[in-house]
Amino acid sequence: MVNAVHDSTPSSEPAAPLISLRGICKHYGGAATGQPEVTILRGIDLDIYAGEFVAVVGSSGSGKSTLMNILGCLDRPSSGTYYFQGQDVAGLDADALAWLRREAFGFVFQGYHLIASETAQENVEMPAVYAGLSKEERAQRATSLLARLGLQERLNNRPHQLSGGQQQRVSIARALMNGGSIILADEPTGALDSHSGAEVMALLGELADAGHTILLITHDREVAAQARRVIEVRDGSVVSDSQAAHAPQALPAPEGAPIPALPHFPAATDSSSASWWADLMEAARSAWRGMHTNRARTSLTLLGIVIGVASVIVMLAIGEGARRQVMERMGTMGTAILYMGSKPPATGGPAGNLTEEDLEAVRELPDIRRVLPVIGDPITVRYGSADKQIYAFAASEEMPAVHHWPVALGRFYTDAEDQDLAPLVVLGHKARLHFFPDEPHPLGRQLIIGNSAFEVIGVMSERGADSGAQDYDDMVFIPYRSGRARVYQSQTQPDYVVIEAMSSEQVHAAENAMRQLLLARHGGREDFGIGNAAARIQAEAATRKSMTMMLGLIAAVSLVVGGIGVMNVMLMTVKERTREIGIRMAVGARQRDILRQFLTEASLLTLVGGAVGLLVGLAVGVVLIVAGVPVVFSVRAMVGAFACAVITGLIFGYMPAKTAARLDPVRALAGE
Ligand code: ADP
Ligand code: MG
């Protein structure tokens, strides 16, 4: 069997120390903090060689743990130099220190420091996660380590389901996960009964025999006596060393499982990541566990995001529905329609008379496409024995074009027929059902309108209830001139005139041109009125659009509020899990691993919230549709709301995650 640790040191003799401390001091407080300065370590000089089993003994408060934290690169000395394999550790950045902790050290603490929400196996695997080992390799190594320590039955137990001795064995397995060339054990038996303590000490002895370098810290001289070298610390100084400053004698060939070689230091590149995908999956898994553990709080936070996303979706859908409704109405009315009629001028006097010549002149205006004079009154219409008071609409042949209203059956009358005063009639959908309920082809039948007979030549398509006061389907249409000649003989001018501008942009120009023209023709008297329906509808559409935007804005604000909820919960999570973060750092997590973990948690939170919000929004929309509210879902709004939720999570999760990543490992481990 090869002693791997010794392989890693150059074979030149005498062997160089693995760890070398020179004048290490540690103070707390001082002028910068406003606290009185306390000196904990006072110039420690120490050489530790590969393969040694060293106990550091001293009374409580003598600075042992402080020393161990410095040795394990969890803390930096205030002054003095720490050489690891001959290299000054002070020059290393946080990532390189994390690398050292991960690859070189294995920590065993008095309080075990296992992560409570993870199983024994997951706790043991953790250092390998940060080392980038694949899932299978990790599981295999963790189970074999746990089996070696007699815990094969306890793989899926959480720490609270294990005895103190078992927990300490789990933490030893964790220390060995990445090799554990150097085991740093701080009072490993301190919390254990004497039997379990003896077991742990036996285990450390075996590991020392197998070639691991062991640094045991204890206040108990009996425990310390089991090590091969004992260093006594008092009041921050080394007061005795059983074997000071010389290389140990050649070690016996180690028994038991081989330990991996201590990686050469410093690492050329820190490539300890299996793949970003594996990392992400691992972070998502632990994030999911965190969310699951705090179900009540998680669901309350989610509620904020759910409400935010759902309201964005629903409000935009309602707004869009309302806008579409207006647009639809514009479609049936035409987007470029003006109305004109005679009326008494505001200055007093009789109403004007819109003559045929007036209409001809208007028709000639460049901005105007069509002019449709209309006379419509309820008239008694008869077919056989059936009669009915019904609107008989006398309008020119342009009526279907102006109203975008096609004929369903037969045809509409022509201008020529109008000029000839032909007695023709086209039926509205309901009027046809009224007079010809059983006749599929009423064409050619004669209707008596007023006192004249009109031949049915067509039926209009069904229009449905329109925005206007009258129901257009319940009417009959006759040519304008024959209507005036045969039905409305006493009428000297149209009831009103529908005017279609060339385009919706030209409506205003058309209106002005008409007004000027008619003023001139009527001797300057404004004895007519022009109504701009298109402008009204357009204004309404614009109002609805701004209403939609406002609703969307309100919804977006609720999303931001949801995001703040996420930030709040993440900050609380970081606070609650300070110790966990410390443990992760001790086993070698880099700052960016911690950052990624908490960012993943925040994103997962909002991802789930976004998905639920999407479903809730859709459900509310469906309920509204069933209730008859016009709702139009927009995929863009849904994708947008979802994306906003996730981005919110990232933005509001970043600050807490950064806070977590910046924690000082020693303070985090202490749970501060
Ligand atoms: P030991 O492990 O030997 O019991 P420690 O190294 O934990 O001792 O602590 C040594 C001394 O340092 C103690 O008196 C303790 O109060 C003090 N100490 C430890 N950490 C801090 C700190 N962050 N700020 C101030 N004093 C500290
Ligand atoms: Mg201590």
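For every chain, the first residue of its written sequence is number 1, and the numbers climb from 1 along that sequence. Chain labels run from A onward and ligand labels from 1 onward, assigned in the order the entries are written. Where local features are concerned, this predicted model is filtered to residues with pLDDT of at least 70; where side-chain atom pairs are given and counted, the filter is 80 or more; whole-chain, interface and lining totals use all residues. The basis for every side-chain value is the complete set of non-hydrogen atoms in the structure, without hydrogens or water.

Caption draft 1: Spatial organisation of helix α5 (residues 135-148). Working definition: helices are DSSP H or I runs of at least four residues, strands are E runs of at least two. Numbering for both runs from the N terminus. To estimate how far a helix should extend, the number of its residues minus one is multiplied by 1.5 Å. When the terminal C-alpha atoms of α5 are compared, their 20 Å separation across 14 residues agrees well with the 20 Å that a helix rising 1.5 Å per residue should span. Those residues of α5 that sit buried are Arg-138, Ala-142, Leu-145 and Leu-146. Each buried residue of α5 lies within a common arc of 95 degrees when the element is viewed along its axis, so the set occupies one face. Away from its buried face by more than 90 degrees, α5 exposes Glu-136 and Gln-140. Only protein chains enter the accessibility calculation, which uses a 1.4 Å probe; a residue is then buried when its area is under 20% of its type maximum, exposed when over 50%, and partly exposed in between. The arc in question is formed by the directions pointing from the helix axis toward the C-beta atoms.

Caption draft 2: Examining the domain arrangement of the protein more closely. Assigned domains of the protein: these are domain 1 (290-327 + 540-670) and domain 2 (337-532). For domain 1 and domain 2, the distance between their C-alpha centres works out to 57 Å. Annotation comment: domain bounds sourced from an automatic or database domain assignment.

Caption draft 3: Looking closely at the site of ligand 1. Only heavy atoms are used to decide nearness, and a residue is near a molecule or strand if one of them lies within 4 Å of it. Close contacts around ligand 1 come from Tyr-28, Ile-40, Ser-59, Ser-60, Gly-61, Ser-62, Gly-63, Lys-64, Ser-65 and Thr-66, and that covers them all. Under this definition, polar contacts are N or O atom pairs within 3.5 Å; protein pairs additionally need one hydrogen-donor-capable and one acceptor-capable atom, and for neighbouring residues in sequence, both atoms have to be side-chain atoms. A distance of 2.9 Å is found between an oxygen atom of ligand 1 and a backbone nitrogen or oxygen belonging to Lys-64. With respect to ligand 1, the side chain of Ser-65 contributes an N or O atom lying 2.7 Å from an oxygen atom. Where accessible areas are quoted, they stem from the Shrake-Rupley method and a 1.4 Å probe; at the residue level, only the protein chains shown are allowed to cover. Protein contacts shield 56% of the accessible area of ligand 1, which totals 560 Å² for the unbound molecule. The greatest single-element share of the shell around ligand 1, amounting to 3 residues, is contributed by helix α2 (residues 64-71). For the shell around ligand 1, the class distribution of residues is 2 nonpolar, 7 polar and 1 charged. Side-chain classes are defined by residue name, with Ala, Val, Leu, Ile, Met, Phe, Trp, Tyr, Cys and Pro counting as nonpolar, Asp, Glu, Lys and Arg as charged, and the others, Gly among them, as polar.

Caption draft 4: Geometry of the nonpolar core. We call a set of buried Ala, Val, Leu, Ile, Met, Phe, Trp, Tyr and Cys residues a nonpolar core when their side-chain atoms join them within 4.5 Å. Counting 71 residues, the largest nonpolar core has Ile-19, Leu-21, Tyr-82, Phe-84, Leu-100 and Phe-105 as the members making the most contacts within it. No other element matches helix α19 (residues 591-626), which puts 7 residues into this core. Judged by nonpolar contacts, the second largest core, of 36 residues, contains Leu-146, Ile-172, Ala-175 and Leu-176.

Caption draft 5: View of the UniProt feature "transmembrane region" (unreviewed entry) in the protein. UniProt positions are given in the numbering used here, feature names are shortened, and annotations may be inferred rather than shown by experiment. What UniProt calls "transmembrane region" (unreviewed entry) maps, in this numbering, to residues 299-319, 549-571, 604-627 and 633-655. A distance of 29 Å separates the end C-alpha atoms of residues 299-319, which is 100% helix and 0% strand. The distance from the first to the last C-alpha atom of residues 633-655 is 34 Å, and the span holds 91% helix and 0% strand.

Caption draft 6: Spatial organisation of the confidence of the model for the protein. When the pLDDT values of the protein are averaged, the result is 84; 91% of them are 70 or greater. pLDDT is defined as a per-residue confidence score from the predictor, taking values between 0 and 100. Mean pLDDT values over the elements of the protein span from 43, in helix α1 (residues 4-8), up to 95, in strand β3 (residues 53-57). It only takes one pair of heavy atoms within 4.5 Å for two residues to be counted as in contact. Confidence drops under pLDDT 50 across residues 249-260; counting only partners more than four residues distant or on other chains, this segment forms 24 contacts. When the criterion is pLDDT under 50, residues 266-270 qualifies, and its contacts beyond four places in sequence or with other chains add up to 6 contacts.

Caption draft 7: Representation of the pattern of salt bridges in the model. Within this document, salt bridges are pairs made up of a side-chain nitrogen of Lys or Arg and a carboxyl oxygen of Asp or Glu, the two lying within 4 Å of each other. If you walk through the whole model with that rule in mind, you get 33 salt bridges. Ionic pairing is found between Asp-474 and Lys-388, a salt bridge with its closest N-O pair at 3.1 Å. Here the residue Asp-474 occupies a position in the loop between β17 (452-460) and β18 (475-479), and Lys-388 occupies one in strand β13 (residues 386-395), the gap between them amounting to 86 residues. The partly exposed category is assigned to Asp-474, whose relative accessible area is 23%. Its salt-bridge partner being Arg-481, residue Asp-418 comes within 3.5 Å of it at the nearest N-O pair.

Caption draft 8: Examining helix α7 (residues 194-209) more closely. With 16 residues, α7 should cover 22 Å at 1.5 Å per step; its first-to-last C-alpha distance of 22 Å lies within 8% of that length. Residues Ser-196, Gly-197, Val-200, Met-201, Leu-203, Leu-204, Gly-205, Leu-207 and Ala-208 constitute the buried set of α7. Where the residues of α7 are buried, they touch β3, α5, α6 (164-176), β7 (182-186), β8 (213-218) and α8 (221-224). Residue Asp-193 occupies the N-cap position of α7, its side-chain oxygen lying 3.1 Å from the main-chain nitrogen of His-195. Backbone geometry just downstream of α7 places Gly-211 in the positive-phi region, at approximately 110 degrees.

Caption draft 9: Structural view of the sheet that holds strand β9 (residues 229-234). Strand pairing is defined by DSSP finding a minimum of two bridges between the two strands. As summarised here, the arrangement of the 6 strands in space is β6-β7-β8-β3-β9-β10, forming an open sheet in which the pairing is mixed. Of all strands in the sheet, those with a lone pairing partner are β6 (105-108) and β10 (237-241), marking the two edges. Strand after strand, the sheet turns through a mean of 20 degrees between neighbouring axes, direction not considered. Axis angles are defined between N-to-C directions and span 0 to 180 degrees, where every axis is a line fitted to C-alpha atoms and, for a helix, only to the segment in contact. Each of β3, β6, β7 and β8 is contacted by α2, which is oriented at about 155 degrees to β7, the strand it contacts most. Packed on one face of the sheet, α6 meets β6 and β7 and runs near 170 degrees to β6.

Caption draft 10: Representation of the pairing of strand β2 (residues 35-48) in the model. Relative to β2, strand β1 (residues 19-30) is paired through 9 bridges, and the arrangement is antiparallel. Each residue of the ladder has a partner; that of Ile-19, found in β2, is Ile-48. Here β1 folds back onto β2 in antiparallel fashion, the turn holding 4 residues, of which Gly-34 has a positive phi close to 80 degrees.

Caption draft 11: Representation of the packing of aromatic side chains in the model. Here a pair means two rings of Phe, Tyr or Trp (six-membered ring of Trp) with centres within 6.5 Å. Their orientation is stacked below 30 degrees between planes, edge-to-face above 60, and tilted elsewhere. This structure, assessed with the given rule, holds 8 aromatic pairs. With 6.3 Å between their ring centres and 40 degrees between their planes, Phe-105 and Phe-107 make a pair best called tilted. Across the pair, Phe-107 and Phe-105 agree in class, each one buried. Aromatic pair Phe-412 and Tyr-413: ring centres 4.3 Å apart, planes at 35 degrees, arrangement tilted. One aromatic cluster is present, built from ring pairs that chain together Phe-84, Phe-105, Phe-107 and Phe-109.

Caption draft 12: Broad picture of the pairing of strand β12 (residues 368-383). The sheet contact formed by β12 and strand β19 (residues 496-501) spans 6 bridges and is antiparallel. For Pro-373, the partnering residue across the bridge sits in β19 and is Val-497. Relative to β13, β12 runs antiparallel, the two sharing 10 bridges. Counted as the bridge partner of Ile-379 is Ile-390 from β13. Linkage of β12 to β13, two consecutive antiparallel strands, is achieved through a turn of 2 residues, within which Gly-384 is found at a positive phi near 55 degrees.

Caption draft 13: Molecular detail of a nonpolar patch on the surface. Here the term patch refers to residues with relative accessible area over 30% and no salt bridge, with like charges joined within 9 Å and nonpolar side chains (Val, Leu, Ile, Met, Phe, Trp, Tyr) within 5 Å. The grouping of Trp-276, Trp-277 and Met-281 at the surface amounts to a nonpolar patch, some 400 Å² of accessible area in total. Its place among the elements puts Trp-276 in helix α9 (residues 276-293). The class for Trp-276 is exposed, based on a relative accessible area of 64%.

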